[in-house]
Amino acid sequence: MADRIREEMQRFNYLANEIDAAYHEAALKIGLSDSVMLILYTIYYSGGTCLLSDVTYLSGVSKQTINSALRKLEQECILYLEAYQGRKKKICLTDKGKALAKDTVLRVINIENDIFASWTEAERSLYIELTRRYLSSFKEKIKEL
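So, here's what we can say about the structure. Since we're looking at a predicted model, the values are computed, not measured.

Right, let's talk about the overall build of the chain for a bit. Looking only at helices and strands, the chain features seven helices and three strands. For the chain, the sequential pattern of α-helices and β-strands runs α-α-β-α-α-β-β-α-α-α. Principal-axis analysis of the C-alpha atoms gives the chain an extent of 55 × 35 × 25 Å. With 145 residues in all, the chain has 26% of them scored as buried. Sequence separation of at least 24 residues holds for 48% of the intrachain contacts in the chain that already meet a minimum separation of 6. Distance between charge centroids for the chain: 6 Å, based on 21 positive and 20 negative side chains.

The subject of this paragraph is the side chain of Thr104. Inspection of the secondary structure puts Thr104 in the loop between α5 (95–103) and α6 (105–117). Within the structure, Thr104 has its side chain in polar contact with the backbone oxygen of Leu100 (distance 2.6 Å). When near neighbours in sequence (up to four residues on either side) are disregarded, Thr104 contacts Ile30, Leu32 and Leu40.

Parameters and conventions
Residues numbered from 1 in each chain as written. Predicted model: local features only at pLDDT ≥ 70, side-chain atom pairs only at ≥ 80, totals over all residues. Heavy atoms only, no water. Helix = DSSP H or I, 4+ residues; strand = E, 2+ residues; numbered from the N terminus. Buried < 20%, exposed > 50% of the residue type's maximum accessible area, 1.4 Å probe, protein only. Contact = heavy atoms within 4.5 Å. Lys, Arg positive; Asp, Glu negative; His and termini not counted. Charge placed at Lys NZ, Arg CZ, Asp CG, Glu CD. Polar contact = N/O pair within 3.5 Å; in protein donor to acceptor, adjacent residues only side chain to side chain.

Structural data, given as structure tokens:
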């Protein structure tokens, strides 16, 4: 039984890494770095604006990497930061940024949507529920380290 679980976990980790690699390949094919793709993806998915803290949280990328990419995107007039409720900052896409996101990350979002649409509702629900349960349990176990 332990060998079977170990093999299944190896397969799970391999698939997770392959998914990450596929997103990296997608970023390269659309001409973006991974961090820029994650930023544009998050902002676009949020309707063109979102909190800086949301981008950091949802992307899983370090604040330093996000801030470095944001400075570059600001210089290129892709987005701008504005003050929001005290010390918080909101990231907003410019018209140029909206066009870039539409030409790049929207294509990736459409691929994701097409894949999910090809699954039954039960398959989508099961996938999301199992992934949520795994993540929740993993986070709890991490606390015990």
